[in-house]
Amino acid sequence: MGRNRSGSSTTMASIQSTTAASQASSMGIGGGSGNINSSDLALYDIPLLTSPSQASTDFEQLLHNLQSISVDPKSVRKAACCAALIETVQERRQNQNQQQQVVVVSPNELFLATLAALTSLQGTLEQQVKHTTDSDNNNSSNEVETTALPLLEILRQILPYVAHPSNNHGALLLHQFGTVSRMLRMFVALGYAYTASSSSTTGTNNKNSTSAVAGGTSGANALLRQILKTTTMLLLITPSSTNTTTTQEAEKEMAKLLHATIIRMFHDVRPKVRKAAFGCAMDVVIVASSSNSSSSSSSPVVQQRKVIADFLWEYCHAVITQYKSSSSGSKKKNDSSSNSKNLIHILRLLSTSLPYADDVRIRVRFGDDCLALMGGGGEGSGNNKGEVSMEVIRETLITLLSCLERGEEDSDDGLLLSSMEQEVDTTKDTDKEDEEISKFAARALAFLLQHRPNAANSSFSSAGDVNVVYGRCLMGCVERMLVRATSSDEDGTLASKLLAMKLLPNVLTSILHLCDEAAEGEDGGAANSAEMCGSEFNQFVSRVMPIVTSYFNNATSNNNLQRVAIEAISNCIDIIRQALKIQYRNAWGNILPGGYATFTSTLALNLLEMRGAGNEANNGNSELEGKLQSWLKELVVSLLRLRDDVEKDGTARTAVEYATSTVMRGMGLELFLSLVDFTDDHVDIGDKKKKSLNTESGGGLWWLLPLMKQSASADASALASSSSITTRSHLSFFQGRVLNLARRCDAASADGHRTAAEASIQKQRVVEVWSLLYYFCLHPIDMKENFAAVAKTVVKALSDHSRYPKLVPVICGSLKSLAVGVTGRAEANPSAEATEDLEVLSNVSIKILPSLFKLVETLNESQKTNTADDMDTDDKSSSKEKQAIRQQNMQLVEIVTDTIGQLAQICPREFLQNLFKKVVQRLLVATTENGDNAGDKASKDAQAVRMCSLLGLGQALVASGSLDDNSVSLLYRAVRPLVRSDEHDSRVQKRAYKVLAEICEKHKEFVTSEERLNEMTDLMVDSIVTCQVSARHMRLKCMAYIVQGFDSSNQAHMAVIPKIMGEVLLCLKDSNAKTREAAYQLLLEMAVARDDMTDYFKIILAALGAKTTHMRSAAVMALSRLTFEYARHDPTVQSLLPSLMQTVAFLFEDSSREVTKSVIGFVRVCVAAMSFDQLEPLLPEIVGGIMKYNKGRDRFRAKIKIILKKLVRLYGYDTIAPLVPEKDTRLITHMRKLTERTARRKAAGLQDGQSVVNNFDDMMESDEDDSDDGRTFMTGVTGFTKMTSMTGKSMKSAKSKSVVSGAKSTMTGKSAKSTSGPRIKAELQGEILDMLDSSKMAKSVRFADANMNDNDFSDDDDGMDDMQFDNQGRIIISDGLQKVSGDKGAADDFDSEDDDENLQLKAGGGKRRRVSKFESVKVAKAERDAVNARKQSKQSKKPASSIGSAYKSKKAGGDVKKKGQQYEPYAYVPLNAKDYSKKNRSNAVSKMGTVVRSTKRKR
């Protein structure tokens, strides 16, 4: 192929569809990604880039790698063959020259040796093929696998070094090329003959024929694939000869080799072989293209690669030409079918290789061939004409798409607007190629629009893919015509763009109709195809429409181009609206939120840009703005009308609403609201028939309000920076348009003709309309002109909080958003506009803040009124309603105070100081009035509410951080009397502590000053007695902030810690969780401030001598927390642990339950924290102490067992068991057996997940073990554990002594009893008993006697072993599952064990394997359900005994006194503490359920 080559290698663009790629992959296309193996690429580059010295070094490394052995059998065979070849070369050298010994062989010597070995092997294989038998097949397969494949791989890897320029310019390879070519061609023939001979053995009766065929076929496939790799390497590294005659002969030989190997296997019936051939062809194309762009493009090797690539292109073109000629000539049926298959194979190759062609004219040439095929070149054969033809069309379209793909020189990200406008420096050849592919795209687009494939009427299985690829081709053509690199031919570029936009409506119509055709089917494939076609429609709109609309701007586009773009968009409006037709219903979920919403949003963005966000700079585009406004309204209203039409269709309604929400976010709420007319100005509110808001189309649009609310919140989160033009809004629009709608709804709610429900709906709409204020406060651009007016309306709306309490959080949240946004913009970009907005907000806040202050007082007054009313009424329902109102008002007060704190940061400082002084003044007045009216309860309560309100305002101002030190000092002096005195209501003191805590947190410098710190310290110490219970939490927080300012060298500061220690310790036992946590944090802060852990522990230890058990328990808990926090990293605390343990051990004698609990928790922490040597001397004292409790032992048995297990894990049972009292030896024995059982379960793969306790509260309160898989969580010594409860066993079966608890033998245990247990008699001599041998089993099996004691051979208190033996060692088989010890649940338990056994067998498909617990439960769910069903049926027949069941009537409901019963019907529930633990609580509730009904009372 004679042509001028230029360009560079390209990468696969992202245009090619996933469907096409997967189809190509399934049909055997390899290398579709275009990625060559890095090692192969390095071998290809050796003749071009490697220096002679580097080539020699690399060859030595290659020999080392070939001889290295790994676990891969292939590497072993390769190493053996390489060693044999090197040995052959060295022997040949010795024969030629006995004195010369060369260690490293040369590439030429290894090449000749390998060639000789392959030639010899070829002859051997030929003889075996001629005389084929099954044994010969096996021998041939072994020889191919062990010899041929390694030799061919060695030849492939050494060829680049033989062809290296330093090796006489590859003269030896040129001389032996014919020999190597013939050898490879003969191996190909052997491979095909070998496959045929293997297949012929299937007709014989030899039972090994099947395996022979399989082995022969596998060996032939591997041989052919290896030949392809070696052939590709040979073709790509062989240089061209300088002699013309030799060059012609070499080209002929290369053509023979290419046709006999790669080209021949293009059409192989085996997918793997065909895939390998395609991959080799891809390597040739990619390497030739990359070599052409390199600096060594004039190298003989590069020239030879060009020739090889040309051969491939010419062959592909010949196959297409032959197929096209088959339609005009008279061909036989078989020939036509063969041509079709060959064409499909070639098209699949071209679809992956064309993007890497180094000349665009190759792509154009094959693109024209594809168009010719689409125009009627070739038909199918037989009865499957349509199917074959449609398959050809599909592959043709995929290939055409590859011709249109865009490479790296265009854009990596598809159609980007910037790529169109970017100036790119390109060569003249590149411009010409770009222009040529653009012209081809125009021809292809016109052709495709006229020849749309009719895939809907085809029975082809992948007909839906045809539509998808067809849409991709249309999009690729338009893309190539619109987005191009800058060309020297500006007229040609403009003409291409104009043509593309003129044809744009037709293209859009064709792609949209694909969705209709795909949705006509009723099966799942049709729905999937419709979704894929909808995605193509969305992608086309999102990629093409922004480019077309960019030409609307006169400054960047030609006038003619702008005119055509406007006409194209105008024509596309009607086409886009066709997507709303019912025929596209199946695709609405995809195309409406996608293409339709994207098209609408694109037009909206252009309109907003033209308006300039309020800047009247685009007066010349007024006509275009009007058109855009009209187009958008038409699109939006059509979408809203569709919502009314499909209101009863849930799926369609959801799709329309989602599309509407997407449109709102794409254009902004302001523009959307300007396009939608919610109300009709002529609506008579008093008309009873008008129950909802109307629109121009006559339908209610109330469903838009929630969508707009969601859109506003989405805009706030996604566009917080307010950089998007869609978030910029006008407050005037909200004031005039949105609030007008709210007023109408409010008036409608007051209409007397409406019902209460209708009025409530209208009020809800008022709130939803007001919620849009949040969006308009994100980035208003008319703050200076309209914010003052909006502020007045906002203040008025807040005053109406009694009717619309939900407006308070809406308005406050909007004001906070506005303040945060304005402040952020002013700090990030201090422009004149941002600064002016901040100043306007600061000035207007003077009017807003007093209203917010008044609102806080009003809300608190309403709480006071509701409280007084509750005292005068006894109506419970009314009391609940007023309680809910009080809770709501409290929440509103918090919201308003947060808003006050935010606005206080930007309001003028003088105004804020004056406002603050008024608050403090009112607070002092209220305090005085409260003292004067101490006898009046109602007045006192009112004053308390007022004081709380004022304190809340003060707290908000402090939180804003805007107060100076004088103001903070004034507030502190006003709050101090409230903290010190308990004469006021507890709410007042709690609020005062909150204010003080806020001061400590926000103004730390004020608190940490020496004078103020001493004063506040004295305040905290002196106010201990007057502190209210509800104020403890905030008081502790204040104390923590104060302690942070302590100096360890200041004796006065350190003297405060012992004074407050008692209060802190008592707060550790407080009923409020927040108070307890605050006390713990203060305890840790004091430890840091003290900076002497020894002295600090002494202070706490002093509390152990307290008279009350409450204080002693709190002291131990404090020691536990400090040990938990510091023992791991503080050596001082670590060294103190033994003495602390000995000191706390004195409390082992304390009989108080709370002390017992604290001490056990401390022991648990210390056991985990102390070292091995520290803990060992204290073992007798610890073990003896925790086991001597009376009431505590039963209550805290689980925690005691956890401690014992930790000690056993450290020191062993032999050390711990003697320390346990004799009466508790049963417990330690049981724990030992559980440990052994755990080991067996772990070996069987059935262990539970391990839980690790890293939290102090969990360690102190939890009864669960933190390190032993939770096997000992029970509170008794029975076998009912957490594990057995999870496996479905009942408590009854767990307590049974006759049921087997696990599969174990008598030799598993380590006790003395188990070691002397019986064994199977036949296994005493070390033999294994064959249980399938009836004679041996008869001697080893004995049936159980009725009077046999079942416990004779049991060493487990949970039950007997699975297998029982008599004294002679024979297995005892009982006659069925009999009741043992009166236990009725034994049979069920045996069934459960059998189920476990069967479960393991089923999980492994008949083979036993280890399965996890969760997998077991999943696999055996059906069996478990069946067992449970049987149990429930039995229980339903025999009702279970329950509390008070003796008095239950059999004939009717209720209780009855029967004969012989002494007492009246009663139910006695014993108060057992164990029944109300976390584990047994559910059982206790179920028992109580038999007495007290759990159903709700009917009102």
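Note that the structure is a prediction, hence the values are computed from the model and not measured.

So, how was this worked out
Residues numbered from 1 in each chain as written. Predicted model: local features only at pLDDT ≥ 70, side-chain atom pairs only at ≥ 80, totals over all residues. Heavy atoms only, no water. Helix = DSSP H or I, 4+ residues; strand = E, 2+ residues; numbered from the N terminus. Buried < 20%, exposed > 50% of the residue type's maximum accessible area, 1.4 Å probe, protein only. Contact = heavy atoms within 4.5 Å. Patch = residues over 30% accessible without salt bridge, like charges linked within 9 Å, V, L, I, M, F, W, Y side chains within 5 Å. Areas by Shrake-Rupley, 256 points an atom, 1.4 Å probe, with all protein chains shown as cover. Salt bridge = Lys/Arg side-chain N within 4 Å of Asp/Glu carboxyl O. Core = buried A, V, L, I, M, F, W, Y, C linked by side-chain atoms within 4.5 Å. Polar contact = N/O pair within 3.5 Å; in protein donor to acceptor, adjacent residues only side chain to side chain. Axes fitted to C-alpha atoms, helices over the stretch in contact; angles between N-to-C directions. Left-handed = near helix turned anticlockwise from the far one by under 90°. Nonpolar A, V, L, I, M, F, W, Y, C, P; charged D, E, K, R; others polar.

Side note on the overall build of the protein
- Secondary structure summary: the protein contains 61 helices and five strands in total.
- Counting only residues that meet the buried cut, the protein has 50% of its 1499 residues in that class.
- In the protein, of all internal contacts separated by at least 6 residues, the share reaching a separation of at least 24 is 76%.

Concerning a nonpolar patch on the surface
- Together, Y1463, Y1466 and Y1468 make up a nonpolar patch on the protein surface, roughly 410 Å² of accessible area in all.
- Tracing the sequence through the fold places Y1466 in the loop between α60 (1421-1437) and α61 (1481-1489).
- Under the relative-accessibility criterion, Y1466 is labelled partly exposed at 46%.

Description of the nonpolar core
- Core analysis: the biggest nonpolar cluster contains 376 residues, and F266, L704 and W770 have the highest contact counts within it.
- It is helix α10 (residues 271-293) that contributes the most residues to this core, twelve residues altogether.
- Once residues lying within four places of it in the same chain are set aside, the contact partners of L704 are L640, T660, M664, F672, V676 and F678.

Observations concerning the environment of I46
- Mapped onto the elements of the fold, I46 is located in helix α2 (residues 38-49).
- Take I46: its relative accessible area is 5%, and that puts it in the buried class.
- Counting along the chain gives 119 residues from I46 to P165, while the straight-line C-alpha distance between them is 9.6 Å.
- Setting aside residues no more than four positions away along its own chain, I46 makes contact with P160, Y161 and H164.

Considering the side chain of S1113
- Residue placement: S1113 occurs in helix α44 (residues 1109-1126).
- A polar atom in the side chain of S1113 sits 3.2 Å from the backbone oxygen of E1154.
- When residues no more than four places from it in sequence are discounted, the contact partners of S1113 are K1069, E1154, V1155 and S1158.

What about the packing of helix α39 (residues 1010-1022) against helix α40 (residues 1032-1044)?
- Where α39 meets α40, the closest approach of the two axes is 11 Å, and the angle between their N-to-C directions is 150 degrees. Relative to α40, α39 is oriented so that their crossing is left-handed. Across the interface between the two elements, L1013, M1016, T1017 and M1020 of α39 pack against R1035, C1038, M1039 and I1042 of α40.
- Here the contact of α39 with α40 is built from residues that sort into six nonpolar, one polar and one charged.

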